[in-house]
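Coordinate inspection notes
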Amino acid sequence: MSNIDLKNVDFETLVIHAGQGPDSAYGALATPIYQTSTFCFDSVEDGAAKFAQQVPGFHPVYSRAGNPTTRAFELKCAAIEGGEDAVATASGMGAVGSVMLAFLHPGDHVIFDTAVYGGTNYVASINLPGLNVEVSRVDTSDLEAVKAAIRPNTKMIYFETPNNPMMKLTDVAAIRAIAGDKIMVVVDATFAPPPQQHVLKLGADIVLHSITKYINGHGDCLGGVIVGKAADMGKIRLNCVTKINGCPPSPFNSFLVLRGMKTLALRIQKHSDNAMAVARYLEANPYVKTVYYPGLESHPQHELACRQMENGLFGGMLSFELKDDVKGLSSFEAGKKLLNHLKIASIAVSLGDPDTLIEHPASMTHANVTPEDRAAAGISDGLIRMSVGLESANDLIADLQQAFDAI
Ligand SMILES: Cc1ncc(COP(=O)(O)O)c(C=O)c1O
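Residues numbered from 1 in each chain as written. Predicted model: local features only at pLDDT ≥ 70, side-chain atom pairs only at ≥ 80, totals over all residues. Heavy atoms only, no water.

**Brief notes about the pattern of salt bridges**
Heads up, the rule is: We count a salt bridge whenever a side-chain nitrogen from Lys or Arg sits within 4 Å of a carboxyl oxygen from Asp or Glu. Secondary structure elements follow DSSP: runs of H or I of four or more residues count as helices, runs of E of two or more count as strands, with numbering from the N terminus. Residue burial is assigned from relative accessible area. The probe radius is 1.4 Å, only protein chains are included, and a residue is buried under 20% of its type maximum, exposed over 50%, and partly exposed in between.
Following the criterion strictly, the structure yields 19 salt bridges and no others. The salt bridge involving glutamate 359 is made with arginine 385; its shortest N-O contact spans 3.3 Å. Taken together, the positions of glutamate 359 in strand β11 (residues 357-359) and arginine 385 in strand β12 (residues 383-387) put the pair 26 residues apart, joining distant regions of the chain. As far as the burial class goes, glutamate 359 and arginine 385 line up, both buried.

Now the structure itself:
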């Protein structure tokens, strides 16, 4: 483990050194991939003590319950979020599902934002009601509506900020104040990881991420993480993720995430710079009706974005809607043509990759959300979501311009 006093370093230093140091076996600088299912003990007594967690420190016994490569990834995530501990999962949905199973029981009530990722929407609309958990869908940016939705059995308020795909923000500190100390506040911060925002510091009990996105940042593996208080993480680890659901990441994927995270600060800066340039270009484009990007002064929650997102980093995600008569085409038809003409941006779901990705939520990420729920969340058929990558902003804008010209 590193000897650096990580309490007194800047984010760029923290994200490189936290959770990792030269390996104890041979001093390897890069954390080795402990590609093993099981671990050996010196004696039956040693095994019994480690199984009973009576030996101080991290002592893996079986990789479903803990693995050194994955542990480094968890500790790094806990450090950058400012949490006491973290649990890594095989995907972002593994993180969402594990939080639900760990903390919700039949008869409990949970408030979900109206617009969440399609998989999470499935959990809210199908899985939890099937387990007799009551679910309310509320626009969590509307604080009065959240207050009104609270019931005596409310256990959790769950939202994404910024959300997918409208880039709507929810005020974490205000929700904490409404929730008091009995209701758990869970935030999916996949769209804006540290150093952009630190939602635990704003009052969330738990932050989770699809690591698949910005935190790994290279589009080459799936992963998830849950960060929060040590007691809560212990509950997840023992009750759900490791022993029952069995959804830890592979040691190889944990290695990839550790490698990817070393450049997180640089990447978030460049994603944010590029997205701001693309957002400004789109805002000035005569065929574009609205651009949803928290960094734009025109975003209805720009003031909250400046308060809640740090260092002027508004991230790489934006959405936009075309006007309804683009060269005689509806916004939906024009949008399809625009996407098909792009040469640099790939038509794909996912986000946070070095490559720019563009998609049509109504037919892709949010296809399993009912048209009524999509409308309630403001997701029109003409909406286009863009994950602005790390290419040159000039090239991305030129690519969009040639695609608009070709419609
Ligand atoms: C905001 C958000 N949360 C969770 C997920 C699920 O993550 P994964 O695909 O890693 O399971 C996604 C996936 O796109 C997402 O966008």
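**Topic: unusual backbone geometry**
Residue proline 162 follows threonine 161 across a cis peptide bond; omega there is -10°. Tracing the sequence through the fold places proline 162 in the loop between β4 (154-160) and α7 (172-179). One non-glycine residue, glutamine 53, lies in positive phi territory at about 55°. By secondary structure assignment, the location of glutamine 53 is in the loop between α2 (44-51) and α3 (68-81). Relative accessible area serves as the criterion here: at 64%, glutamine 53 is assigned to the exposed category.

**Here's the deal with the site of the ligand**
Threshold: Nearness of a residue to a molecule or strand requires only that one of the residue's heavy atoms be within 4 Å of it. For this analysis, a polar contact is any N or O atom pair within 3.5 Å, provided that within protein one partner can donate a hydrogen and the other can accept it, and provided that sequence-adjacent residues contribute only side-chain to side-chain pairs. The method behind every accessible area is Shrake-Rupley, applied with a 1.4 Å probe, and residues are considered shielded solely by the protein chains displayed. In this classification, Asp, Glu, Lys and Arg are treated as charged, Ala, Val, Leu, Ile, Met, Phe, Trp, Tyr, Cys and Pro as nonpolar, and every other residue, Gly included, as polar.
Near the ligand there are 13 residues, and of these Gly92, Asp188, Ser210, Thr212 and Lys213 occur at the shortest range. For the ligand, an oxygen atom lies 2.8 Å from a polar atom in the backbone of glycine 92. Note that an oxygen atom of the ligand is positioned 2.8 Å from one of the side-chain N or O atoms of lysine 213. Within the complex, 92% of the 390 Å² of free accessible area of the ligand lies under protein. Here the residues of the shell around the ligand sort into three nonpolar, seven polar and three charged.

**A look at the nonpolar core**
The cut-off we apply is this: By convention a nonpolar core is built from buried Ala, Val, Leu, Ile, Met, Phe, Trp, Tyr and Cys residues, the set being connected through side-chain atoms within 4.5 Å. The domain limits used here are those given by an automatic or database domain assignment. Throughout, a contact is declared for two residues whenever any of their heavy atoms are within 4.5 Å.
The biggest cluster of nonpolar side chains holds 53 residues, and the ones touching the most others in it are Phe73, Cys77, Ile157, Val187 and Val227. By residue number, the principal contributor to this core is α3, which donates five residues. Here this core spans two domains, and each of domain 1 (6-261) and domain 2 (264-406) adds at least three residues to it. Apart from the residues lying within four places of it in its own chain, the contact partners of phenylalanine 73 are Ala88, Ile211, Gly224, Val225, Pro249, Ser254, Val257 and Leu258.

**Side note on helix α4 (residues 92-103)**
Given 3.6 residues per helical turn, the α-helix brings residues three or four places apart onto the same face. For clarity, the cut-off: To estimate how far a helix should extend, the number of its residues minus one is multiplied by 1.5 Å.
Over its 12 residues, α4 runs 17 Å from end to end, which matches the ideal 16 Å to within 8%, given 1.5 Å per residue. Counting buried positions over the 12 residues of α4 gives nine, a clear majority of the element. Regarding α4, the residues found buried are Gly92, Gly94, Ala95, Val96, Ser98, Val99, Met100, Ala102 and Phe103. The backbone nitrogen of methionine 93 lies 3.4 Å from a side-chain oxygen of the residue at the head of α4, namely serine 91.

**Considerations on the sheet that holds strand β8 (residues 288-292)**
Sheet strands associate in pairs through backbone hydrogen bonding, adopting either a parallel or an antiparallel arrangement. Heads up, the condition is: Two strands make a pair as long as DSSP finds a minimum of two bridges between them. A fitted line through C-alpha atoms serves as each axis, taken over the contacting stretch for helices, and the angle formed by two N-to-C directions is quoted from 0 to 180°.
Spatially, β8-β9-β12-β11-β10 is the arrangement adopted by the five strands of the open sheet, whose pairing is mixed. Where the open sheet ends on each side, the last strands, each with one partner, are β8 and β10 (346-347). Across five bridges, strand β9 (residues 317-322) lies against β12 in antiparallel orientation. Residue pairing across strands places methionine 317 opposite serine 387, the latter belonging to β12. Of the strands in this sheet, β9, β10, β11 and β12 are in contact with helix α12 (residues 331-341), which crosses β9 at around 130°.

**Some details on the pairing of strand β5 (residues 184-188)**
The following threshold applies: Call a crossover right-handed when, viewed with both strands pointing away from you, the route from the first strand across the helix to the second goes clockwise.
For β5, the buried fraction is high: five of the five residues fall into the buried class. Side-chain alternation along β5 places Met184, Val186 and Asp188 on one buried face and Val185 and Val187 on a second face that is also buried. You can see the chain leave β4, run along α7 and come back into β5, and the turn it takes is right-handed. Inspection of the sheet shows β5 paired to strand β6 (residues 206-210) by three bridges, in the parallel sense. Across the sheet, valine 187 pairs through a bridge with valine 207, a residue of β6.

**Let's talk about the side chain of threonine 212**
Turning to its location among the elements, threonine 212 is positioned in the loop between β6 and β7 (224-228). Owing to a relative accessible area of 8%, threonine 212 belongs among the buried residues under this scheme. Within the local environment of threonine 212, its side chain forms a polar contact with the side chain of serine 210, the two groups lying 3.1 Å apart. Those residues in contact with threonine 212 that sit more than four places away from it in its chain are Gly92, Cys221, Leu222, Gly223, Ser350, Leu351 and Asp353.

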